[in-house]
Amino acid sequence: MGLTYDCFRYDQPAEKPVEKEVCDPREPEPVTDQDVVTLLPRKALRYCFYGLIVGLALLNFNKLVAIWVLACHSWPNLL
């Protein structure tokens, strides 16, 4: 398994590397009007969903604590 250099062509110039535009992450991306219009309802739906989850957890807090206590009694090494 010898190493050969047949794949290199010394008679042709090397290809120039392709330069890509580098985006600066600190620069804000341009926002379209459609993005601005849909941003507020998305935030509102997200907050509504989080509120619903927290509300359901608070309503069922006693049941959640009871399940945790039962689990702790069932498995003595849990805590």
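Residues numbered from 1 in each chain as written. Predicted model: local features only at pLDDT ≥ 70, side-chain atom pairs only at ≥ 80, totals over all residues. Heavy atoms only, no water.

Caption draft 1: Quick look at the overall build of the protein chain. Of the regular secondary structure elements, the protein chain holds two helices and zero strands. Element-wise, carbon and sulfur atoms account for 64% of the exposed surface of the protein chain, whose accessible area totals about 8800 Å². (Helix = DSSP H or I, 4+ residues; strand = E, 2+ residues; numbered from the N terminus. Areas by Shrake-Rupley, 256 points an atom, 1.4 Å probe, with all protein chains shown as cover.)

Caption draft 2: Quick look at helix α1 (residues 33–59). Here α1 contains 27 residues, and its C-alpha end-to-end distance of 40 Å stays within 8% of the 39 Å for a straight helix at 1.5 Å per residue. Of all the bends found along α1, the most pronounced is centred on Leu39 and spans about 25°, while Pro41, a proline, follows it within four residues. (Expected span 1.5 Å × (residues − 1). Bend = angle between axes of the 7 residues up to and from the residue.)

Caption draft 3: A nonpolar patch on the surface, seen in detail. Judged by side-chain polarity, Tyr47, Phe49, Tyr50 and Ile53 come together as a nonpolar surface patch covering roughly 470 Å² of accessible area. Phe49 gets classed as partly exposed once you look at its relative accessible area, which sits at 49%. (Patch = residues over 30% accessible without salt bridge, like charges linked within 9 Å, V, L, I, M, F, W, Y side chains within 5 Å. Salt bridge = Lys/Arg side-chain N within 4 Å of Asp/Glu carboxyl O. Buried < 20%, exposed > 50% of the residue type's maximum accessible area, 1.4 Å probe, protein only.)

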